[in-house]
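Below are the chains, spelled out letter by letter.
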Amino acid sequence: MPRFTVHVRDEWLTVPCKDATCSIKWLGFEALKRYIKNKPDNGGIQHIKDVHFGVKRCQGLGLLDNDDTIVDVLEDNDFVELGNITNMVYMFSVCREIDYISLDGNSLTSTDLVNLGKGLYKIKLTPEAEQKVVQSRELLDTIVKENKVVYGITTGFGKFARTVIPVSKLKELQENLLRSHSSGLGSPLSPERTRMLLALRINVLAKGHSGISLETLHSMIEAFNASCLSYVPEKGTVGASGDLAPLSHLALGLMGEGKMWSPKSGWADAKYVLEAHGLKPISLKPKEGLALINGTQMITSLGAEAVERAEAIAQQADIIAALTLEVLKGTTKAFDSDIHELRPHPGQKEVALRFRSLLDSDHHPSEIAESHRFCDRVQDAYTMRCCPQVHGIVNDTIEFVKKIINTEINSATDNPMMFAERGETISGGNFHGEYPAKALDYLAIGVHELASISERRIERLCNPSLSELPAFLVNEGGLNSGFMIAHCTAAALVSENKVLCHPSSIDSLSTSAATEDHVSMGGWAARKALRVVEHVEQVLAIELLAACQGIEFLRPLRTTTPLEKVYDLVRATVKPWIKDRFMAPDIEAVHRLLVDQKVWNIAGPYIEKYCMEYIPESRPSSPTAFALDPPPSPRKRVRLE
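- In the annotation of an unreviewed UniProt entry, the chain is listed under the name Histidine ammonia-lyase and assigned to Sinocyclocheilus anshuiensis.
- What UniProt records for the chain under Sequence similarities (unreviewed entry) is the sentence "Belongs to the PAL/histidase family."

Here it is as structure tokens:
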């Protein structure tokens, strides 16, 4: 009986095939059935019979036709991959009742924006926002009627700011702006990131200082709610005057030109995608093209994802490091609260508190800790002892960056600005991306340190002279290599991060015939910050795997209750390493646990309970510092074993 290994999201599944004349489509559905079998939420798939997917060979990357028979295109033990499943899942999620987020340009958060990107909410405007938009547009229409010369409304752009355009050509002026500025290159943003970009642009326009018409803004909201998403290349912005190229691509699709994607249609010409959803292309009025593309929304939307993921991995890094300390038989004395009160940085104190909440022997007995209580070791290596100091500054960095990103999310970044209450327009420079660019460069530098110190802990786990564990955490070393190259992968990612952490915002190239003579390069700052965060997640996934493997050699001794729960979570996904096997899927699976914040969801309640019951005076002033996502109701206490 031939067998095939199918990669579905983060798992490799073996599918036996009794009849090789079955179709590739059959093989895909069989793999999906196995994928959702042990998922409490069916992997987010509600109706498997309606799922659409693409199938390709892992070797050669050849795309397979779903109607082909297996015997014609595959060989026994072949590897194939299912793609585009995540995008299609969204199609089913919109069939249920979806809540709305009301946008007013003032109250959107980075968490909200990421959730909008995931398709968890639809959008509507507040009545107050609609009124401001109408008032702003009335002022602009008056300017046009009175033939006033105002930049971007009745003139050209950039170097052509002094070129006055006839009223009869103002619509063409705005359309030409979008067409000419749609000059980005590279891979398109994912549907999730394009949703974030569109949602954020809508939020900025809702402030009522852009001169957009309510009709056009409603059309944008309808496109968002239908998940009609333009083709937006990731490269091409210098971050001033705003993210012109990506935002132009975003607007071009709404105008019915270029390419667009929706769950219903897939990729197609924008006009046909809009038509399939009963939507009409927007028809640009004076200044509306400029209103759609002036701003820092590409930098800021990617930055919102980066800072949210950074916050999640920073929380989980403390849990993983605590588990490693247990496996390496370290001491908890370095986390004494009195030490950290003498250097009271908020992040440092918070990390030390998390370590105590997970390792406190009076609160959580540990057989592993008890086994070396009377050893002669006085202090541990810096990678364990200094976690509060190293992890702590990461937390403080993330908090600093998050404030800037959330301010930018609710900032008007157009030019010129419409002030209806003053009856005038003012040209300024709010489109300049230096704020989010600098912040995201700082974020990359800060969060990278979690991977740097994690890689050194992986070395200690794998090195028998440092760990008292078998070399590379495997029996029959030599015959088996164990975690030898997994550690190399971590080292490679850390090294790559060192280059990515070089700040992009220190660079500037004069553009637009020296009119835009200082730029932020914020688009690259955002993209590389995201890549750094992803590498950090992957390195910590390797450490978590290694720490759990180390526990196998300490059995039957058990660690603390919360850390045992984390171990159980990992073992529900990845089995112990008895002999060498294909490791990449294990790393991918644990990486997915971290991205989904499942490690924090397991250990977080124990941390919160410790903070509330044992040291109530240290409960953080911020309600989200130890809260889960979403925050638990104070009336629904978690029952602990």
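Still to come is the rest of the account.
Comments concerning the overall build of the chain
- Looking only at helices and strands, the chain has 24 helices and 14 strands in total.
- Buried residues in the chain amount to 53% of all 641 residues.
- The contacts in the chain between residues at least 6 apart in sequence include a share of 75% that link residues at least 24 apart.

Digging into the sheet that holds strand E11 (residues 259-262)
- Strands sit in the order E9-E11-E12 across an open sheet of three strands; the sheet is antiparallel. Each of the sheet's edge strands pairs with one partner strand only, and the pair in question is strand E9 (229-230) and strand E12 (266-269).
- As defined by bridge partners, E11 adjoins E12 across four bridges and the pair is classed as antiparallel. Looking at E12, one finds that Ser262 is bridged to Gly266.

With respect to the packing of aromatic side chains
- Tallying each qualifying case throughout the model produces five aromatic pairs.
- Between Phe400 and Tyr442, the ring centres sit 5.6 Å apart and the planes meet at 70°, which makes this aromatic pair edge-to-face. Placement of the pair is Phe400 in helix H17 (residues 387-409) and Tyr442 in helix H18 (residues 434-462), with a sequence separation of 42 residues.
- The residue whose ring lies beneath Arg422 is Phe419, and the NZ or CZ to ring-centre distance is 5.6 Å.
- Lying over the aromatic face of Tyr567, Arg555 brings its terminal NZ or CZ to 4.7 Å of the ring centre.

As for helix H7 (residues 191-205)
- For H7, spanning 15 residues, the distance from its first C-alpha to its last is 21 Å, which sits close to the expected 21 Å at 1.5 Å a residue.
- In terms of burial, H7 is largely enclosed, as 13 of its 15 residues are buried.

Remarks on the packing of helix H21 (residues 522-552) against helix H22 (residues 561-571)
- At a minimum axis distance of 10 Å, the contact between H21 and H22 shows a crossing angle of 105°. In this view, H21 runs roughly perpendicular relative to H22, as classed from their interaxial angle. In this structure, H21 uses Leu544, Leu545, Cys548, Gln549, Ile551 and Glu552 to contact H22, whose residues at the interface are Val566, Tyr567, Val570 and Arg571.
- The residue inventory of the contact of H21 with H22, partitioned by class, reads seven nonpolar, one polar and two charged.

Comments concerning the side chain of Thr154
- For Thr154, the position within the fold is in the loop between helix H5 (127-145) and helix H6 (170-181).
- Separated by 2.8 Å, the side chain of Thr154 and the backbone oxygen of Lys148 make a polar contact.
- A polar contact of 3.0 Å, which involves the side chain of Thr154, links it to the backbone nitrogen of Val150.
- When neighbours within four sequence positions are excluded, Thr154 is seen to be in contact with Lys148, Val149, Thr163, Val164, Ile165 and Leu170.

Structural notes on the state of the cysteines
- A full pass over the atoms with the stated rule returns zero disulfides.
- Among the cysteines around Cys17, which has no disulfide bond, Cys22 carries the closest sulfur, lying 4.9 Å off.

Thoughts on unusual backbone geometry
- The omega torsion of the bond from Ala240 to Ser241 falls at 5°, within 30 degrees of zero and hence cis.
- Topologically, Ser241 is positioned in the loop between strand E10 (233-235) and helix H9 (244-254).
- In this model, Arg555 is joined to Pro556 through a cis peptide bond whose omega is 15°.
- You can see Pro556 is positioned in the loop between H21 and H22.
- In this structure, Lys329 is a non-glycine residue whose phi angle is positive, near 55°.
- Exposure remark for Lys329: the relative accessible area of 25% places this residue in the partly exposed category.

Some thoughts on helix H14 (residues 346-359)
- Over its 14 residues, H14 runs 20 Å from end to end, which matches the ideal 20 Å to within 8%, given 1.5 Å per residue.
- Across the 14 residues of H14, 12 count as buried, placing the element largely inside the fold.
- Among the residues of H14, Gly347, Gln348, Glu350, Val351, Ala352, Leu353, Arg354, Phe355, Arg356, Ser357, Leu358 and Leu359 are the ones counted as buried.
- Buried residues along H14 sit in contact with helix H12 (297-327), helix H13 (337-341), H17, H22 and helix H24 (598-613).

Topic: a nonpolar patch on the surface
- Together, Ile393, Phe400 and Tyr442 make up an exposed nonpolar region whose accessible area comes to about 280 Å².
- Structurally, Ile393 is set in helix H17.
- Accessibility expressed as a relative area gives 43% for Ile393, which makes it partly exposed.

Description of the packing of H12 against H14
- Relative orientation of the contacting elements H12 and H14 amounts to 50°, with a least axis distance of 10 Å. With respect to H14, the axis of H12 lies oblique. Like other packed secondary-structure pairs, H12 and H14 cross with a definite hand, here right-handed. Across the interface between the two elements, Ala314, Gln315, Asp318, Ile319, Ala321, Ala322, Leu325 and Glu326 from H12 touch Val351, Arg354, Phe355, Leu358 and Leu359 from H14.

Analysis parameters
Residues numbered from 1 in each chain as written. Predicted model: local features only at pLDDT ≥ 70, side-chain atom pairs only at ≥ 80, totals over all residues. Heavy atoms only, no water. UniProt positions renumbered as here; feature names shortened; annotations may be inferred. Helix = DSSP H or I, 4+ residues; strand = E, 2+ residues; numbered from the N terminus. Buried < 20%, exposed > 50% of the residue type's maximum accessible area, 1.4 Å probe, protein only. Contact = heavy atoms within 4.5 Å. Pairing = 2+ DSSP bridges. Phe/Tyr/Trp six-rings, centres within 6.5 Å; stacked < 30°, edge-to-face > 60°. Lys NZ or Arg CZ within 6 Å of the ring centre and 35° of its normal. Expected span 1.5 Å × (residues − 1). Axes fitted to C-alpha atoms, helices over the stretch in contact; angles between N-to-C directions. Parallel < 35°, antiparallel > 145°, perpendicular 65-115°, else oblique. Nonpolar A, V, L, I, M, F, W, Y, C, P; charged D, E, K, R; others polar. Polar contact = N/O pair within 3.5 Å; in protein donor to acceptor, adjacent residues only side chain to side chain. Disulfide = S-S within 2.5 Å. Patch = residues over 30% accessible without salt bridge, like charges linked within 9 Å, V, L, I, M, F, W, Y side chains within 5 Å. Areas by Shrake-Rupley, 256 points an atom, 1.4 Å probe, with all protein chains shown as cover. Salt bridge = Lys/Arg side-chain N within 4 Å of Asp/Glu carboxyl O. Left-handed = near helix turned anticlockwise from the far one by under 90°.

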